[in-house]
Amino acid sequence: MLQYILKRILEMIPILFIVSILIFFFTHLIPGDPARLVAGKDATLEEVNIIRAELGLDKPIWDQYITYMSNLFQGDLGTSLKTGLPVSEMFADRFMPSIYLTFMSMGWALVLGLLIGTLSAVFKNKWPDYLGMVTAVSGISMPGFWLGLILIQIFSVKLGWFPTGGAESWKSYILPSLTLGAGIMSMLARFTRSSLLETLRADFIRTGRAKGLKESVVIPKHALRNSLIPVVTIAGLQFGFLLGGSVVVETVFSFPGMGRLLIDSIAFRDYPVIQAELLLFSIEFILVNLIVDIMYSMLNPKIRYVS
Amino acid sequence: MRRVNVWKMLFVALVSAILLAGCSSEESGGTSEKENSGKSASGKDQELVIAVNENFISMDPHNTGDTNSNSVQTAMLEGLLGSDEEGQIIPQLAEEYSVSDDALEYSFKLRQGVTFHDGESFNAEAVKTSFERIMNDESLRLNSRGFNLITSIDVIDDYQVKVTLKEPYAGMLTRFVSAKILSPKLINDSSGDIGKTPVGTGPFKFVEWVQGDHLTVERFDDYWNKADRVKKITYKPVPENGSRVAMLKTGEAHVIYPAPVQNLKELESNSDVEIHKIPSTIARYVSINTMKEPYDDVRIRQAINYAVNKEAFISVVNSGYGLPLDSIIPSKTQFYSKQETYDHNIEKAKELMKEAGFEDGFNAEIWGNTNSDTLKGMQFIQQQLKEIGITVEIKSMEEGTLSDEIYGAQTPEEAKVQMWYVSWSAYPSDTTNATKPLFSSSSFPPDGANTAYYKNDDVDKWITEVNQTADPDKQAEIYSNIQSTIYKDAPWIFLGVDEILAGSRSNVEGVFISPTGGINVTDANLK
């Protein structure tokens, strides 16, 4: 297993190399001249050209790429064209809040999703099932933007329980993480339900029950465990998306995270920030995939990886 | 049966847990609500929270172009000159100033007994250090406009400075407002930190900046102008309109800027909240490419102006907040002179179209960014021009792409733009910036923002002339000519001037918003 993990990590290197090339060139392909955007509408051509030279944007794209890569190898993510601050410094303030938010959202989604899915499957076609599935459908259909504003209205404005935004205390994380996790929670609930229903019909469950195993053992230990593999796949994929996909929620809750930074940077054509952030998301995505693969084998010992 | 019972029990346990969690958070929530209302009602709390719509970019005053960063800097840093509530220039760190007749020499008598937040004394040398940084630091090129014209900064004595220019520049006084004076120690020791931790002489000193989350400043007790002020101010970027409104309602924010138009009624009905409407210097217009057929005919441009109902524009697009644009510059700009507006007159518009040989109208194209308000504005123009037979196609482009399309053209002949729905905002005290980049023939893209490709020899001559004098009466006269000539030539569809909307809790005192949208907190206090 260890060998397999090592091999997967080594495989990441060429993948990331290709990804970095793609990111660099695609970023530079977006229409819009950063020098002009930095200079402003009233800038003269001369001023724009001075800025272009200062930002190194007047050099051929290959030159720029080589500089970018050599800096990257030295651990330098570059300097933001917009703020003039090192990109790593800009990430420092925002990375952890984003990670906490993602984990907390995933936590809600997993706990509530699995619970609702399990209850719905066990009480198939009874009221808990209906209630669970109505919740799930609502969670999927409600846009995060809208759900966020509703939660702010109820829990911040009317009840005053949680702040409307920011990331100052644990309380600030509750509403945004619930909003962000709602969609995945619903998806997981539906997947858990259908996967568990299928497993409950399987021969080994019937055998277990025939042998007189208690329901409290059959469901969590045998049925649920075997139903989890498709659920883990979905959870893993969604987790990857969560990391970068929290833009809307971060905007609604004025949350100082990576998603908002990316959107701001794209609007400003802040190449170094866009590139570094996309690269970071790619690394995270690949790592999450690796973790998902490892979890497969933990859930089902029949799945074994050979190096 | 037994199986169901187990799960029923589990379900009951889950519901109880959720209810219990709800109750416990109700307890803690109750406290937070009390805290919130206490914050806004007691008046003893000395922390002011201001929520704005965008992130701050940099705290380096010599390298900043955005209003929000400027607002925060104004709390901490001061210039030789400042600006009042109307946006007009007033002395700040200079007690007095004078400009020579040829507009080349600026003399300042400095305020004494002023100290920087780091304990350094403010004097003529400090002014020289800051000004030299703006002039000499290559990376500040964009903000050194005006300062690159300086030939010498003479320290007459500890509290007198004279700045000499190589050629006159009418916007120079406004440049002195933005050229905040930084502690010489900060400039000499660690120029890399200026953008993060500025040190000035302002009423508040820098405490902390968490990127994207908040920036905090604290009262500077040795400030030269003693007055009651709040102890701390926290600025928060909150881009979502609904969230800003919610913060104002809960008392989490004491001031929000801007206040969204769609929430005004709701906010106005709240007795704890006050709404402020400030006429701005933001002009909304559509530039018309005067070098393209058929727009090269002034009658067509005037017809278009007569066809568009400005009052309706303000009520439909700006939800009723704003004023008609009755000159080429908004009324809050220095040297403004009101013009006779193109009143909504379809008959006259049709007549002009007929005279120009376009009785049956023509097809046109209007460009704008993807902002929903811009789209609404363009649709309004489309609907209005249809009345006189002009079929307008809307082309909505993302800002960067649009910028490429506009500024990508190297000559007027290459320009594809016909009409551009856009806005312009200049400092109220800087009429040069409100005219030269927009109407001088030296400012055709990519060299400026004269996207109407407007060329009038008289106007070109006047724009040069007005920059060469320091006599306000003469400047007023020339600007009056410039305004009436251009307004008649109609290189724009003159639409409206925005009213800036801000909201505050009713216990806030001494905070004002300038016509440019800057928030001044010098005398901020809570009742």
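Higher on the page you've got the structure.
The structure presented is a predicted model; accordingly, all values stated were derived computationally and were not measured. Going along each chain's sequence as written, the residues are numbered from 1 onward. Lettering for chains starts from A, numbering for ligands starts from 1, and both go in the order in which the items are written. Where totals are concerned, whole chains, interfaces and linings use all residues; where local detail is concerned, this predicted model gives features only for residues with pLDDT of at least 70, and gives and counts side-chain atom pairs only at 80 or more. As a convention, hydrogens and water are excluded, and side-chain values are obtained from all of the structure's heavy atoms.

**Re helix α1 (residues 2-29) of chain A**
Residue and element names in this part refer to chain A. Numbering of helices and strands runs from the N terminus; a helix is a DSSP stretch of H or I covering at least four residues, while a strand is a stretch of E covering at least two. Under the convention used throughout, the expected extent of a helix is 1.5 Å for every residue step, that is, one less than its residue count. Compared with an ideal rise of 1.5 Å per residue, which puts 28 residues at 40 Å, α1 spans 40 Å between its outermost C-alpha atoms and is within 8% of the ideal. Values of bend correspond, residue by residue, to the angle between axes fitted over the seven residues ending at that residue and the seven starting there. At Pro-14, α1 shows its maximal kink, close to 25°. Exposure is judged per residue with a 1.4 Å probe applied to protein chains only, and the accessible area is read against the type maximum: over 50% gives exposed, under 20% gives buried, and values in between give partly exposed. Of the residues making up α1, those classed as buried are Tyr-4, Arg-8, Met-12, Leu-16, Val-19, Ser-20, Ile-23, Phe-24, Thr-27 and His-28. Buried residues along α1 sit in contact with α4 (61-73) and α13 (271-299). By the convention used here, residues are in contact when the closest approach between their heavy atoms is within 4.5 Å.

**Section: helix α13 (residues 431-439) of chain B**
Residues and elements named next belong to chain B. For α13, a buried count of eight out of nine residues is recorded, marking the element as mostly surrounded by other parts of the structure. Of the positions making up α13, those classed as buried are Thr-431, Thr-432, Asn-433, Ala-434, Thr-435, Pro-437, Leu-438 and Phe-439. Summarising the contacts, the buried residues of α13 are in contact with β12 (273-288), β16 (419-425), α14 (457-466), α15 (472-489) and β17 (492-505).

**With respect to the sheet that holds strand β5 (residues 105-110) of chain B**
Strand pairing within a sheet occurs via backbone hydrogen bonds; the two strands may be parallel or antiparallel. Residue and element names in this part refer to chain B. Taking strand neighbours across the sheet as the criterion, the four strands line up as β4-β5-β7-β6 in an open arrangement whose pairing is antiparallel. Because the sheet does not close on itself, it has two edges, and the strands there are β4 (94-99) and β6 (150-157). Shown here is a sheet whose adjacent strand axes are inclined to one another by a mean of 15°, direction ignored. Pairing analysis gives six bridges linking β6 to strand β7 (residues 160-165), with the strands arranged antiparallel. Residue pairing for β7: Ser-152 is matched across the bridge by Thr-164. Criterion used throughout: strands pair if DSSP finds at least two bridges between them. Axes here refer to lines fitted to C-alpha atoms; in helices the fit is confined to the stretch in contact. Angles between the N-to-C directions go from 0 to 180 degrees.

**Focus: the pattern of salt bridges**
In the sections that follow, a salt bridge refers to a side-chain nitrogen of Lys or Arg positioned within 4 Å of a carboxyl oxygen of Asp or Glu. As enumerated under the stated definition, the model contains 22 salt bridges over all chains in all. The residue Lys-196 of chain B makes a salt bridge to Glu-89 of chain A at a minimum N-O spacing of 3.0 Å. A residue pair is termed interchain when its members come from two chains, as with Lys-196 of chain B in the loop between α5 (184-189) and β8 (204-210) and Glu-89 of chain A in helix α5 (residues 87-122). Overall, the relative accessible area of 23% leaves Lys-196 of chain B in the partly exposed class. Across the pair Asp-326 of chain B and Lys-338 of chain B runs a salt bridge whose closest N-O atoms are separated by 3.9 Å. Here Lys-338 of chain B lies in the loop between β13 (322-324) and α10 (346-355) and Asp-326 of chain B lies in the loop between β13 and α10, a separation of 12 residues in the sequence. Take Asp-326 of chain B: its relative accessible area is 14%, and that puts it in the buried class. Residue Lys-338 of chain B is classed as exposed on the basis of its relative accessible area of 59%. Salt bridges here are not isolated pairs; linked through shared partners, they connect Glu-89 of chain A together with Asp-193 and Lys-196 of chain B.

**What to know about the packing of aromatic side chains**
By convention, a stacked pair of Phe, Tyr or Trp rings (six-membered ring in the case of Trp) has centres within 6.5 Å and planes under 30 degrees apart, an edge-to-face pair has planes over 60 apart, and any other such pair is tilted. Tallying each qualifying case throughout the model produces 32 aromatic pairs over all chains. When the NZ atom of lysine or the CZ atom of arginine is within 6 Å of a ring's centre and also within 35 degrees of its normal, the charge is said to sit over that ring. Here the basic side chain of Lys-82 of chain A rests over the ring of Phe-268 of chain A, its NZ or CZ set 5.2 Å away from the ring centre.

**Looking at the interface of chain A and chain B**
Facing 61 residues of chain A, the contacting portion of chain B comprises 59 residues. Between chain A and chain B the total buried area reaches about 4900 Å² when both faces are included, carbon and sulfur atoms providing 59% of it. Together, Lys-41, Asp-42 and Trp-161 of chain A form the three largest contributors to the area buried by chain A at its contact with chain B, with a combined 13%. The tally of links between chain A and chain B comes to three salt bridges. The shortest N-O distance in the salt bridge between Glu-168 of chain A and Lys-236 of chain B comes to 3.3 Å. By the criterion applied in these results, polar contacts are pairs of N or O atoms within 3.5 Å in which, for protein atoms, one can donate a hydrogen and the other can accept it, and in which residues neighboring in sequence qualify only through two side-chain atoms. For the pair chain A and chain B, the number of links is 13 residue pairs in polar contact (both at pLDDT 80 or more). Buried area is calculated as the accessible area (1.4 Å probe) missing from two parts once they are joined, with the contributions of both summed.

**Topic: empty space enclosed by the protein**
The distinction between a cavity and a pocket rests on a 1 Å grid over the protein atoms alone: a 1.4 Å probe fits inside a cavity but cannot get out, while a pocket stays open yet meets protein on both sides within 12 Å along at least five of seven lines, and a residue with an atom within 4 Å of a point counts as lining. Grid points are joined across faces, edges and corners, and a volume is the space filled by probe spheres set on the points. Using the criterion set out here, one finds two cavities of 30 Å³ or more in the structure. In this structure, the largest cavity spans a volume of roughly 120 Å³. Lining the largest cavity are 14 residues, with Lys-82, Thr-83, Met-90 and Arg-94 of chain A together with Asn-55 of chain B positioned closest to its centre. Looking at the lining of the largest cavity, the elements that each hand over two or more residues are α5 and α12 (258-268) of chain A. When residues of the lining of the largest cavity are assigned to their parent elements, the largest contribution, three residues, is made by α12 of chain A. Residues belonging to the lining of the largest cavity are distributed by class as follows: five nonpolar, five polar and four charged. Within this model, the second largest cavity holds a volume of roughly 50 Å³. Around the second largest cavity sit Thr-281, Ala-283, Ile-328, Ile-329, Pro-330, Thr-333, Trp-424, Ser-425, Ala-426, Ala-434, Leu-438 and Trp-492 of chain B, which together line it. Where the lining of the second largest cavity is concerned, the elements lending two or more residues are β12, β16 and α13 of chain B. Among the residues forming the lining of the second largest cavity, the class breakdown is nine nonpolar, three polar and no charged. Throughout, the ten residues Ala, Val, Leu, Ile, Met, Phe, Trp, Tyr, Cys and Pro are labelled nonpolar, Asp, Glu, Lys and Arg are labelled charged, and all others, Gly among them, are labelled polar.

**Description of the pairing of strand β14 (residues 363-368) of chain B**
All names here are of chain B. Counted residue by residue, β14 has five buried out of six residues, so it is predominantly covered. Where β14 and strand β15 (residues 391-396) come together, six bridges link them in parallel fashion. Of the residues in β15, the one forming a bridge with Gly-368 is Ser-396. Two elements, β14 and β16, share two bridges in a ladder whose sense is parallel. The partner of Ile-366 across the bridge, within β16, is Met-419.

**Structural notes on unusual backbone geometry**
Residue and element names in this part refer to chain B. Here the residue pair Glu-293 and Pro-294 is connected by a cis peptide bond, since its omega of -5° sits within 30 degrees of zero. For Pro-294, the position within the fold is in the loop between β12 and α8 (298-307). For the bond from Pro-445 to Pro-446, the omega torsion is 10°, close enough to zero to count as cis. Within the secondary structure, Pro-446 sits in the loop between α13 and α14. In this model, Ser-319 sits at a positive phi of 50°, which is unusual for a non-glycine residue. With respect to the secondary-structure elements, Ser-319 resides in the loop between α9 (310-317) and β13.

**Let's talk about the nonpolar core**
Grouped together as the largest cluster of nonpolar side chains are 72 residues, with contacts concentrated most on Ile-381, Leu-385, Ile-390, Met-419, Tyr-421 and Ile-493 of chain B. Setting aside anything within four residues of it in sequence, one finds Ile-390 of chain B in contact with Ile-304, Met-353, Gly-361, Phe-362, Ala-364 and Leu-385 of chain B. Residues Leu-101, Leu-175, Ala-189 and Val-231 of chain A belong to the second largest nonpolar core, which totals 39 residues. Buried residues of nine kinds, namely Ala, Val, Leu, Ile, Met, Phe, Trp, Tyr and Cys, make up a nonpolar core once their side-chain atoms join them within 4.5 Å.

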